[in-house]
Amino acid sequence: MTAVPDRVRVLIADDQKVVRDGLAMMLGLLDDIEVVGTAVDGADAVRQAADADPDVVLMDLGMPNVDGIEATRRLVEGGSRSRVVVLTTYADDTWVFGALQAGARGFITKDAGAEQIRDAIVAVASGEAQLDPSVQRRLLEALSRGAPVGAAEPPAPPDDGLTARETEVLTEIAQGLSNSEIARRLFVSEATVKTHVNHLLAKTGCRDRAALVAYAFRTGRATLD
């Protein structure tokens, strides 16, 4: 888990000025968020991320010139430490899974409120993944169809060394539960759940929560029954 700075530095990328300005104003009112720039398209976002070194890029998908998926891919492949949270109206599977495959760590829709956006930014800055519930459902549906989803994950080993409790947590993650929901269901603290999630990431070689969902289904720890 990455330590979260006192103020998370955020770059906003959206081709619509009214959206950029609105998000910048809204996030600028939050004590733990610092808006370090606004970008007009994906190419601009990549350039500004290199200069401003934000903790998180809040990325629209449907932008001209270079869209959000390609911009995310360039950031990841270029070794940027900035993590991407996608904020968009797009709900088409191609956009959703394209963003996840490119390396986006969070995905929320534009009807989310200030606190939801803030929570996603802080979670992703800390190293977690944050998926809107509707995106989580689409991910599960795609997995049930056998569709390839998310960044490439390592093949499941014969024995990945998961403890019984870690397997429980993995199963709950695959069902779309948050850390706080898992904590309540298993009667443990949220800090304990976070520790188990970190162990899961280390033992499975998965990059994030979305990859853990795919891993759970691929290894038979979760089903849609």
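Chemist: Quick rundown of the overall build of the protein chain? Include the residues and the values.
Modeler: Per the secondary structure count, the protein chain includes 10 helices and six strands. Within the span of the protein chain, comprising 225 residues, buried residues form 48% of the whole. In the protein chain, the share of contacts with a sequence separation of at least 24, taken over all contacts with a separation of at least 6, comes to 69%.

Chemist: Describe the sheet that holds strand β2 (residues 33–39), naming the residues involved and giving the relevant values.
Modeler: Spatial ordering of the open sheet is given by β2-β1-β3-β4-β5-β6, a layout of six strands whose pairing is parallel. Edge positions in the sheet fall to β2 and β6 (130–131), since each of these pairs with one other strand and no more. Pairing between strand β1 (residues 8–13) and β2: six bridges, direction parallel. Looking across to β2, one finds that V8 is bridged to I33. Running over the sheet, helix α3 (residues 68–77) touches β3 (56–59) and β4 (83–88) and is turned about 165° from β3. Contacting β1, β2, β3, β4, β5 (106–109) and β6, helix α5 (residues 114–125) crosses the sheet at an angle of about 160° to β4.

Chemist: Explain the side chain of N179 residue by residue, including any values.
Modeler: By the element assignment, N179 lies in helix α8 (residues 179–186). Given the relative accessible area of 6%, N179 is considered buried. What N179 contacts, discounting residues up to four positions off in sequence, is E128, E190, V193, K194, V197 and R209.

Chemist: Any chance you could break down the confidence of the model for the protein chain for me, citing the residues and the numbers?
Modeler: When pLDDT is averaged along the protein chain, the result is 83, and 82% of the positions lie at 70 or above. Taken as a whole, residues 151–158 scores under 50 in pLDDT and shows 14 contacts with residues more than four places along the chain or in a different chain.

Chemist: Which residues make up the packing of helix α2 (residues 42–52) against α3, and what values do they have?
Modeler: Contact geometry for α2 and α3: axes closest at 8 Å, N-to-C directions at 25°. By the angle between their axes, α2 is roughly parallel relative to α3. Seen along the crossing, α2 lies across α3 with a hand that is right-handed. Residues G42, V46 and A49 of α2 pack against A71, R74 and L75 of α3.

Chemist: Account for α3, with residues named and values stated.
Modeler: Three or more residues of α3 are buried, namely G68, I69, A71, T72 and L75. Seen along its axis, α3 keeps its buried residues to an arc of 165°; they face one direction. By the N-cap criterion, in which a side-chain oxygen at the helix start approaches the backbone nitrogen of a residue two or three places on, α3 is capped by D67, the distance to I69 being 3.1 Å. Note on α3: the residue one or two positions beyond its end, G79, has a positive phi of about 80°.

Chemist: So what about the environment of L23? Which residues, and what values?
Modeler: Take L23: it is sitting in helix α1 (residues 17–28). Considered as a pair, L23 and A114 are 91 residues apart in the sequence and their alpha carbons are 8.8 Å apart. Contacts of L23, omitting those with residues within four sequence positions, involve I12, G28, L58, L87 and I117.

Chemist: Go over helix α9 (residues 190–204), please, and point to the residues and values.
Modeler: Compared with an ideal rise of 1.5 Å per residue, which puts 15 residues at 21 Å, α9 spans 21 Å between its outermost C-alpha atoms and is within 8% of the ideal. Inspection of α9 places V193, H196, V197, L200, L201 and T204 among the buried residues, and these make up the whole buried set. Seen end-on, α9 carries its buried residues on one side only, within an arc spanning 140°. Away from its buried face, by an angle of more than 90 degrees, α9 presents the exposed residues A191 and A202. Two residues or fewer past α9, G205 is found with a positive phi of approximately 80°.

Chemist: An account of the pairing of β4 is needed here, citing residue identities and associated values.
Modeler: The two faces of a sheet get side chains in turn, since along a regular strand they alternate between them. Along β4, five of the six residues are buried, which leaves the element largely enclosed by surrounding structure. With four bridges joining them, β3 and β4 adopt parallel strand pairing. In the strand pairing of β4, L58 is matched with V85. Between β3 and its parallel partner β4, the chain crosses via α3, and the hand of that crossover is right-handed. Across four bridges, the pairing between β4 and β5 is parallel. Bridging across to β5, V86 finds its partner in F107.

Procedures and definitions
- Residues numbered from 1 in each chain as written.
- Predicted model: local features only at pLDDT ≥ 70, side-chain atom pairs only at ≥ 80, totals over all residues.
- Heavy atoms only, no water.
- Helix = DSSP H or I, 4+ residues; strand = E, 2+ residues; numbered from the N terminus.
- Buried < 20%, exposed > 50% of the residue type's maximum accessible area, 1.4 Å probe, protein only.
- Contact = heavy atoms within 4.5 Å.
- Pairing = 2+ DSSP bridges.
- Axes fitted to C-alpha atoms, helices over the stretch in contact; angles between N-to-C directions.
- pLDDT = per-residue confidence, 0-100.
- Parallel < 35°, antiparallel > 145°, perpendicular 65-115°, else oblique.
- Left-handed = near helix turned anticlockwise from the far one by under 90°.
- Arc of directions from axis to C-beta.
- Polar contact = N/O pair within 3.5 Å; in protein donor to acceptor, adjacent residues only side chain to side chain.
- Expected span 1.5 Å × (residues − 1).
- Right-handed = clockwise from strand over helix to strand, strands pointing away.

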